[in-house]
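Residues per chain, in single letters:
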Amino acid sequence: AHNNNNNNNNNIRTYSSIKSTILQTKGNDDDDDDTMSDESNPIQVSNIQSRTLEELVEYASSFSAANGLQVEVPGGSDDARTKKSYVTAPISLLPQAYPMSEFRRATTLAAPFNELVDRIGRDGEFLKDTLRDVRGVDEYTGKLLDLYEEIYLGENKGMEWGKHARNADRLGILRSDYMLHQSANSNETGEYSLKQVELNTIASSFAGLASTVANLHGFLTRRKEGELANFLGENERAVMGDDVEAVSNAGNQLERGVPESPAMVRIPAGIAAAHDRYRERFVDASDESARQPVVLFVVQPNETNTVDQRLLEFALWERHRIPVVRMSLAEIHARVTLDEDDGRLALDGGGEVSVVYFRAGYAPTDYPSGYDTTTANGSGIEWLARERLERGIAAKCPSMGYHLAGTKKVQQELARAGAVERFFPRSEGDEAAGIRTAFAGLYSLGDDANGEDMAAVREVLFGDGRSRYVLKPQREGGGYNYYGDDLAAKLRDNCTVTTEGKSDDGDEADVELSPTLSEFILMERLFPPQQRAILLRNGQVEGTGMTISELGCFGTIVASGEGDVIHNEYAGFLLRTKFSGVDEGGVASGFATLSSPYLC
């Protein structure tokens, strides 16, 4: 299980910085080794001729330049950043085989998960109860919860303080990430099923670039169909096993191959729905002097994933004639004001904000001036900006409730019996059941840890559980999880174990969890099928070998302050691929590459 979601960290890490990690995973069979490219050791790929490989790389490089499949190169100084340059985004040269049935299942789960997030975001009692242990050990999540309570629940500052926010529409651009997993019960059949890694509710990125990757892969697999048949067939067999022949003869040939992602149509449509609602509710259509409201993109300073964001901005204008303004939280603090009477968010140059779309604000590093907002010394300005935006009448993507609904602790709590059903009445029982089938094993490490949770902890401490679980904090962006020996060490350092008079295997040992573990959850580790891939960085082949992939499905929802759902749909996909010896999986954090599914 991995965290792969955001346009974060302001740096695209070169693959050479993790070569040593990958090389440690090499086996004895040369065909299965991860092979790194250099001038003295040109890449050799099974089932692809060298000349075909060269042509594929040339096509990918040219296609990327022609279609904006790029990321910005970080500048070394203020002067360097004024001269922007771009390189091909980290991509897999070819798509990865994916079962058609599980892909369809992921797309059909998008709308139910959208509605689940909306209902969680309105349930203050559930959020407060679920996150009560986390707020004491995680300052960032605690601050989010404080603001939610003040603005939406009327605590501390009274109901008047958040009246505009409660009246505002909520916009969700969500992404549910899945891995194919072969459980112990499916070993005999060899079938893989879909399991959720996480549900991202803020700054769910790469919809634009992933759509372009799918277009590239569709072109390459059709253009070089005969020359890639053996390569693609090998990967299909890795995923489908003996079923691959049955699938090939099942009459669904027209659906085989790389699907087209609707992300750059449906995500702009979701934003446009919220924007149009704002205009209907708050803009006087008879006032000819009124300026067109804008969508405010909240971005990180010195952002490098700008192309992905710009693709969405351009689509908003091209399809809906909606203008976008980009600002960091610090800039918003200086340039955006809130009218306390009507809740309008006004720009310093004139005009108002209809939708606030966060592509920043999801990590503590996005608030560099600190948490103290009570002094006038320049501290806490990012949090003050976040609060100002939240209190406005503009639709927020996400609202504070949606943001909190995406925390790992909420994800773990939803896996408990009856938790999902809390949000769906009996008449919607099929929705709850469908959602629940996607859950992997999730375990609490807080005061609410039960016997099942502690059994998982004991497996790690005293058994072989370190290879079957991953420790995940309340963080987005990749690079924060604990695996293997690091997982076991983290638990040992934060548990008090009394073994005197107990059995050697730890089954009866008394284990007391440290309060510091409350900010983490323990999750069943997922083991997806391994497939061969060729990974590119900066437009060049940097390696080939066995890889694993993670599917992300986007969804968009617009709901009123009262809870009426105006818009709710599946909104596209992405696939991320990384070498199987690398635990983490973020693209922007340098661990993975963008790919696409080849349905079979």
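Cut-offs and rules
Residues numbered from 1 in each chain as written. Predicted model: local features only at pLDDT ≥ 70, side-chain atom pairs only at ≥ 80, totals over all residues. Heavy atoms only, no water. Helix = DSSP H or I, 4+ residues; strand = E, 2+ residues; numbered from the N terminus. Buried < 20%, exposed > 50% of the residue type's maximum accessible area, 1.4 Å probe, protein only. Core = buried A, V, L, I, M, F, W, Y, C linked by side-chain atoms within 4.5 Å. Contact = heavy atoms within 4.5 Å. Salt bridge = Lys/Arg side-chain N within 4 Å of Asp/Glu carboxyl O. Phe/Tyr/Trp six-rings, centres within 6.5 Å; stacked < 30°, edge-to-face > 60°. Axes fitted to C-alpha atoms, helices over the stretch in contact; angles between N-to-C directions. Left-handed = near helix turned anticlockwise from the far one by under 90°. pLDDT = per-residue confidence, 0-100. Expected span 1.5 Å × (residues − 1). Bend = angle between axes of the 7 residues up to and from the residue. Pairing = 2+ DSSP bridges. Parallel < 35°, antiparallel > 145°, perpendicular 65-115°, else oblique. Nonpolar A, V, L, I, M, F, W, Y, C, P; charged D, E, K, R; others polar.

*Asks:* Honestly, the environment of Glu-428 in this entry has me stumped. Any pointers?
*Replies:* With respect to the element layout, Glu-428 can be found in the loop between helix H16 (408-414) and helix H17 (429-436). Overall, the relative accessible area of 25% leaves Glu-428 in the partly exposed class. Taking the C-alpha atoms as reference, Glu-428 lies 10.0 Å from Pro-112; in sequence the two are 316 residues apart.

*Asks:* I would appreciate a short explanation of the nonpolar core in the present structure.
*Replies:* As a rule of thumb, nonpolar side chains are buried together in soluble globular proteins. Grouped together as the largest cluster of nonpolar side chains are 131 residues, with contacts concentrated most on Leu-93 and Ile-534. No other element matches helix H4 (residues 100-121), which puts 9 residues into this core. Filtering out sequence-adjacent residues up to four positions away, Ile-534 remains in contact with Val-45, Ile-48, Leu-53, Ile-91, Ser-92, Leu-93, Leu-94, Phe-231, Val-541, Gly-543 and Thr-544. In this structure, Tyr-443, Leu-471, Cys-495 and Val-511 belong to the second largest nonpolar core, which totals 18 residues.

*Asks:* Would you take a moment to explain the pattern of salt bridges for this structure?
*Replies:* Two side chains carrying opposite charge are able to pair once their charged atoms lie near each other. Tallied over the entire structure, the rule returns 38 salt bridges. Here Arg-104 ties to Glu-255 by a salt bridge, and the two come within 2.5 Å at their closest N and O atoms. Highlighted residues: Arg-104 in helix H4 and Glu-255 in the loop between helix H10 (243-248) and helix H11 (263-282), separated in sequence by 151 residues. Of the charged contacts in the structure, one is a salt bridge between Arg-256 and Glu-236, with a shortest N-O distance of 3.0 Å. With Arg-256 in the loop between H10 and H11 and Glu-236 in helix H9 (residues 225-240), this residue pair connects regions lying 20 residues apart in the sequence. An identical accessibility class is assigned to Arg-256 and Glu-236; each is buried.

*Asks:* What am I meant to see in the packing of aromatic side chains here?
*Replies:* Within a pair of aromatic rings, the relevant descriptors are the distance that separates the centres and the angle that separates the planes. Under the criterion given, the structure shown has 13 aromatic pairs. Ring geometry for Phe-63 against Phe-219: centres 6.3 Å apart, planes inclined by 25°, an arrangement best described as stacked. Taken as a pair, Phe-63 in helix H2 (residues 50-67) and Phe-219 in helix H8 (residues 207-223) lie far apart in primary sequence, 156 residues in all. A centroid spacing of 5.9 Å and a plane angle of 70° characterise the contact between Tyr-482 and Phe-520, whose relative ring orientation is edge-to-face. Taken together, the residues span a long stretch of sequence, with Tyr-482 in the loop between strand E15 (469-473) and helix H19 (484-493) and Phe-520 in strand E18 (residues 520-524) at a distance of 38 residues.

*Asks:* Honestly, the packing of helix H6 (residues 139-152) against helix H14 (residues 381-391) in this entry has me stumped. Any pointers?
*Replies:* In helix packing, the relevant descriptors are the interaxial angle and the interaxial distance, both defined with respect to the helix axes. Where H6 contacts H14, the axes come no closer than 11 Å and their chain directions differ by 35°. Here H6 runs over H14; the crossing is right-handed. Judged by residue contacts, Tyr-140, Lys-143, Leu-144, Leu-147, Glu-150, Ile-151 and Tyr-152 of H6 engage Trp-383, Arg-386, Glu-387, Glu-390 and Arg-391 from H14.

*Asks:* Even after reading the chapter, I still don't get the confidence of the model for the protein chain, so can you show me in this structure?
*Replies:* Any segment with low pLDDT has predicted coordinates that should not be analysed in fine detail. Counting all residues, the mean pLDDT for the protein chain is 87, and 84% of those residues have values of 70 or more. Here residues 1-33 is a poorly scored stretch, pLDDT under 50, and it has 130 contacts once near neighbours within four places are set aside; other chains count.

*Asks:* Help me out: how do you make sense of the side chain of Thr-88 in this one?
*Replies:* Relative to the assigned elements, Thr-88 resides in strand E3 (residues 86-88). Look at Thr-88 and you get buried, because its relative accessible area is 9%. Discounting chain neighbours no more than four positions away, the residues touching Thr-88 are Ser-64, Leu-69, Gln-70, Val-71, Asn-538 and Gly-539.

*Asks:* What's the story with H4 in this structure? I'm lost.
*Replies:* Residues lying three or four places apart along an α-helix face the same way, a consequence of the helix completing one turn every 3.6 residues. Counted at 1.5 Å a residue, the expected span for H4 with its 22 residues is 32 Å, and the 32 Å between its end C-alpha atoms agrees. At Ala-110, H4 shows its strongest bend, of approximately 35°, with the proline Pro-112 following within four residues.

*Asks:* What is the right way to look at the sheet that holds strand E14 (residues 442-444) in this model?
*Replies:* For sheets, the rule is that strands pair by backbone hydrogen bonds, running either parallel or antiparallel. Taken together, the 3 strands give an open sheet; going across it, the order is E14-E18-E15, and neighbouring strands pair in antiparallel fashion. The sheet terminates laterally at E14 and E15, the two strands that pair on one side only. The sheet shows a mean angle of 30° between the axes of neighbouring strands, taken without regard to direction. In this structure, E15 lies alongside E18, joined through 5 bridges in antiparallel fashion. From the neighbouring strand, Val-470 faces E18, where its bridge partner is Met-523. Relative to E14, helix H18 (residues 451-462) is tilted by about 100°, and along the sheet it contacts E14, E15 and E18. The strands touched by H19 are E15 and E18; relative to E15, the strand with the most contacts, the crossing angle is about 60°.

*Asks:* Explanation requested: the packing of H8 against helix H12 (residues 306-320) in the structure shown.
*Replies:* Between H8 and H12, the shortest axis-to-axis distance is 7 Å and the interhelical angle comes to 90°. As far as their axial angle goes, H12 and H8 are roughly perpendicular. On H12, the residues touching Ala-207, Gly-208, Leu-209 and Thr-212 of H8 are Val-307, Asp-308 and Leu-311. In terms of residue class, the contact of H8 with H12 is made up of 4 nonpolar, 2 polar and 1 charged.

*Asks:* Explain the pairing of E18 to me, please; I cannot follow it from the model alone.
*Replies:* Along any regular strand, the residues point their side chains to alternate faces of the sheet. With respect to burial, E18 is a largely interior element, 4 of its 5 residues being buried. By the bridge criterion, 3 bridges tie E14 to E18 in an arrangement that is antiparallel. Looking at the pairing, Leu-442 lines up with Met-523 of E18.

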